[in-house]
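Inside the fold
Spelled out, the chains give:
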Protein chains: 2
Amino acid sequence: MVKNEAVVVLSGGMDSTTLLYYAIKKHDVVYAISFDYGQKHKRELELAKLTCKKLNIDHEIFDLTILNKLAPSALTRDNIDVPEGHYEAENMKQTVVPNRNMVLVSLAASYAMGIEAQYLYYGAHAGDHAIYPDCRKEFAEKLRDVIKIADWTEVELLFPFIDIDKGDIVIEGIKLGVDYSLTHTCYKGNIKACGKCGSCQERLEAFEKAGIKDPIEYEV
Amino acid sequence: MVKNEAVVVLSGGMDSTTLLYYAIKKHDVVYAISFDYGQKHKRELELAKLTCKKLNIDHEIFDLTILNKLAPSALTRDNIDVPEGHYEAENMKQTVVPNRNMVLVSLAASYAMGIEAQYLYYGAHAGDHAIYPDCRKEFAEKLRDVIKIADWTEVELLFPFIDIDKGDIVIEGIKLGVDYSLTHTCYKGNIKACGKCGSCQERLEAFEKAGIKDPIEYEV
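Quick look at the structure, then. Every value quoted in this text rests on a predicted model; they were computed, and no experiment measured them. (Residues numbered from 1 in each chain as written. Chains lettered and ligands numbered in written order. Predicted model: local features only at pLDDT ≥ 70, side-chain atom pairs only at ≥ 80, totals over all residues. Heavy atoms only, no water.)

1. Regarding the interface of chain B and chain A
Many analyses report the size of an interface as the accessible area lost when the parts associate. The line we're drawing: It only takes one pair of heavy atoms within 4.5 Å for two residues to be counted as in contact. Simply put, the buried area is the total loss of 1.4 Å probe accessible area from both parts when two parts are fitted together. We call two N or O atoms a polar contact when they sit within 3.5 Å, provided that within protein one can donate a hydrogen and the other can accept it, with sequence-adjacent residues counted only if both atoms are side-chain atoms.
Facing 39 residues of chain B, the contacting portion of chain A comprises 39 residues. Both sides of the chain B and chain A interface together cover about 3300 Å² of buried area, and 73% of this is carbon and sulfur. Its largest share of buried area at the contact with chain A, chain B owes to Leu70(B), Ile149(B) and Trp152(B), together 21% of the area lost on that side. Viewed at the interface, chain A and chain B are joined by 7 residue pairs in polar contact (both at pLDDT 80 or more).

Laid out in structure tokens, this is it:
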């Protein structure tokens, strides 16, 4: 193992939590950072903290409520309800926070450059849907290219799940020993997941594909 | 003139203020946004506001003090002094806020996508020095490429000053009628510019090249 340091953008969802376990296997020192951008499902941040405590990983949560002020989304605004139904539904477009991933990754890159970490992990995966243009492989690659030359430290952006879907991530995560009871997915943000929003449906399908029971509680 | 809208990232410095006047000539509607990232030279934000008032342009200042918490720099931290001397000096590296431009442009892109503006202006220019890797043309081009595919709205990043230096910007600005008395450049942030920091020296050289007297006051 090469002596090196990595930063993981940790939302507290299942993808980035699996990514954290993955990075820990690969690097000597791993730092996790999370962002509070006013998301209704703030519970994910509490779970991110619990995961890092369990794994003894340095973790910081940064206030990014500026993102809520900059651009409207059903994920952050009280006057827009989180829609139910599958991701393909037209109204799921309301859950797009414009350019969210670029903003989060840019800030995380700033952090990585500041502490001179060589690697930065970001949990984009192949299962992310067409409504989220900033989850595509092409986007991740161009983001990597610009980060590489943004600073002399040459931080490298890594997105190892870009070609696999959420079901495959669970399969990988089980091998890595991920505790999925400490992850949150539901956009509504209650302690029990709603089981109805696009995000819940995708999670349930992922566990079904992996042939494993999801350890979290659902309302229905 | 095509009916279109543009957003300008306005620091309140001479480059981005010239850029604002430039964009106003090209577009029907122009919005300016500024960021308070804890810079000591906060006076630039007050002047940005005055310029927008004078030009009757919508202007918003967003709190981005998160950047100060994420990464250290002499421009933001009270315990690091702003160095004097020319940009080439080794200690000017302390003024680098890691990845600052990518963070600012990413957030501005989020804003532009939210209001469905087609264009986003960013004031990088050829005179920016080797200590700022995120001012290079190659960086601006890669940033443009990733923003283009970050959202279905396809915001286009424009950086019309990338091939000219600060002296040429002043020459252009005079033609556009820019009021340079409403711009701030000194990193120290006092009302009278210090005339000694790298930023002041560069400004003075630019006005000298343009053959125009700088309308702001200097301590020396």
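2. Quick word on the nonpolar core
The condition that has to hold: Residues belong to a common nonpolar core when they are buried Ala, Val, Leu, Ile, Met, Phe, Trp, Tyr or Cys residues joined through side-chain atoms within 4.5 Å. The cut-offs for exposure are 20% and 50% of the maximum accessible area for each residue type, with area from a 1.4 Å probe on protein chains only; residues under the lower value are buried, those over the upper are exposed, and the others partly exposed.
Grouped together as the largest cluster of nonpolar side chains are 74 residues, with contacts concentrated most on Leu64(A), Leu143(A), Leu64(B) and Leu143(B). Apart from the residues lying within four places of it in its own chain, the contact partners of Leu64(A) are Phe35(A), Asp36(A), Tyr37(A), Val103(A), Leu104(A), Leu107(A) and Ile66(B).

3. Structural notes on unusual backbone geometry
Here is the rule we go by: Strands here mean DSSP runs of E at least two residues long; helices mean DSSP runs of H or I at least four residues long; both are numbered from the N terminus.
At Glu154(A), a residue that is not glycine, the phi angle is positive and equals roughly 50°. Relative to the helices and strands, Glu154(A) resides in the loop between helix H5 (137-148) and strand S5 (156-158). For Asn56(B), which is not a glycine, the phi torsion comes out positive at approximately 60°. Relative to the helices and strands, Asn56(B) resides in the loop between helix H2 (43-55) and strand S3 (58-63). Overall, Asn56(B) belongs to the exposed group, its relative accessible area being 71%.

4. Details of the sheet that holds strand S5 (residues 156-158) of chain B
Residue and element names in this part refer to chain B. Test applied: At least two bridges found by DSSP between two strands are what make those strands a pair. Helix axes are fitted only over the stretch in contact, all axes being lines through C-alpha atoms; the angle between N-to-C directions runs from 0 to 180 degrees.
The strand order across the open sheet built from 5 strands is S3-S2-S1-S4-S5, with neighbouring strands paired in parallel fashion. Sheet topology places S3 and S5 at the edges, where each strand pairs with a single neighbour. Here the average twist between neighbouring strands, direction ignored, is 25°. For strand S1 (residues 5-9) and strand S2 (residues 29-36), the ladder comprises 5 bridges, and the chain directions are parallel. Bridge pairing in S2 links alanine 6 to valine 30.

5. Focus on helix H1 (residues 14-26) of chain A
Residue and element names in this part refer to chain A. Quick reminder of the rule: To estimate how far a helix should extend, the number of its residues minus one is multiplied by 1.5 Å.
Helix length check: H1 (13 residues) gives 19 Å between terminal C-alpha atoms against 18 Å at 1.5 Å per residue, within 8%. In terms of burial, H1 is largely enclosed, as 10 of its 13 residues are buried. When H1 is considered as a whole, its buried residues turn out to be Met14, Asp15, Ser16, Thr17, Thr18, Leu19, Leu20, Tyr21, Tyr22 and Ala23. On its buried side, H1 packs onto strand S1 (5-9), strand S2 (29-36), helix H2 (43-55), strand S4 (119-121), helix H6 (166-176) and helix H7 (198-210).

6. A closer look at the relation of the copies chain B and chain A
The operation linking the two copies of the chain is a rotation about an axis combined with a translation along the axis. For clarity, the cut-off: For the least-squares superposition of copies, only C-alpha atoms count, and only for residues with pLDDT at least 70 in both.
Overlaying chain B on chain A yields an RMSD of 0.0 Å, the required transformation being a rotation through 180° with an accompanying axial translation of 0.0 Å. Taken together, these values place the two copies in the relation of a two-fold axis. Of the C-alpha atoms belonging to chain B, the one lying closest to the rotation axis is found on Val103(B), 3.2 Å away. When you check the interface residues of chain B against chain A, 100% turn up at the interface there too, and the contact is symmetric in its surfaces.

7. Some words on the pairing of S1(B)
All names here are of chain B. The criterion, for reference: By definition, the crossover connecting two strands over a helix is right-handed if that path, from the first strand to the second, turns clockwise as seen with the strands pointing away from the viewer.
For S1, the tally of buried residues reaches 4 of 5 residues, placing the bulk of the element in the interior. The parallel pair S1 and S2 is bridged by helix H1 (residues 14-26), and the resulting crossover is right-handed. Where S1 lies against strand S4 (residues 119-121), 3 bridges are found, and the strand directions are parallel. Along S4, the bridge assignment pairs valine 7 with leucine 120.

8. Considerations on the pairing of S3(B)
By the bridge criterion, 6 bridges tie S2(B) to S3(B) in an arrangement that is parallel. Within S3(B), the residue paired with Tyr31(B) across the bridge is Asp58(B).

9. Regarding the packing of aromatic side chains
Residues and elements named next belong to chain A. What counts here: Only Phe, Tyr and Trp rings take part, Trp by its six-membered ring, and two of them pair if their centres are within 6.5 Å. Stacked means planes under 30 degrees apart, edge-to-face means over 60, and tilted covers everything else.
For the structure shown, the criterion picks out 10 aromatic pairs over all chains. Consider the rings of tyrosine 22 and tyrosine 121, whose centres lie 6.2 Å apart with planes at 70°: the pair is edge-to-face. Taken together, the residues span a long stretch of sequence, with tyrosine 22 in helix H1 and tyrosine 121 in strand S4 at a distance of 99 residues. Given the relative accessible area of 18%, tyrosine 22 is considered buried.

10. Brief notes about the environment of Gly198(B)
Tracing the backbone shows Gly198(B) in helix H7 (residues 198-210). Counting along the chain gives 12 residues from Gly198(B) to Cys186(B), while the straight-line C-alpha distance between them is 8.3 Å.

11. Some details on the packing of helix H4 (residues 100-115) of chain A against helix H4 (residues 100-115) of chain B
We apply this condition: Between 65 and 115 degrees an angle is taken as roughly perpendicular, under 35 as roughly parallel, over 145 as roughly antiparallel, and anywhere else as oblique. Left-handed describes a crossing whose near helix is turned anticlockwise from the far helix through less than a right angle; right-handed describes the clockwise counterpart. Residue type decides the class: Asp, Glu, Lys and Arg count as charged, Ala, Val, Leu, Ile, Met, Phe, Trp, Tyr, Cys and Pro as nonpolar, and the leftover types, Gly among them, as polar.
Two numbers describe how H4(A) lies on H4(B): the axes approach to 9 Å, and their chain directions differ by 165°. With respect to H4(B), the axis of H4(A) lies roughly antiparallel. The interaxial crossing formed by H4(A) with H4(B) has left-handed handedness. Across the interface between the two elements, Met102(A), Val103(A), Ser106(A), Leu107(A) and Ser110(A) of H4(A) pack against Met102(B), Val103(B), Ser106(B), Leu107(B) and Ser110(B) of H4(B). Residue composition of the contact of H4(A) with H4(B), by class: 6 nonpolar, 4 polar and no charged.

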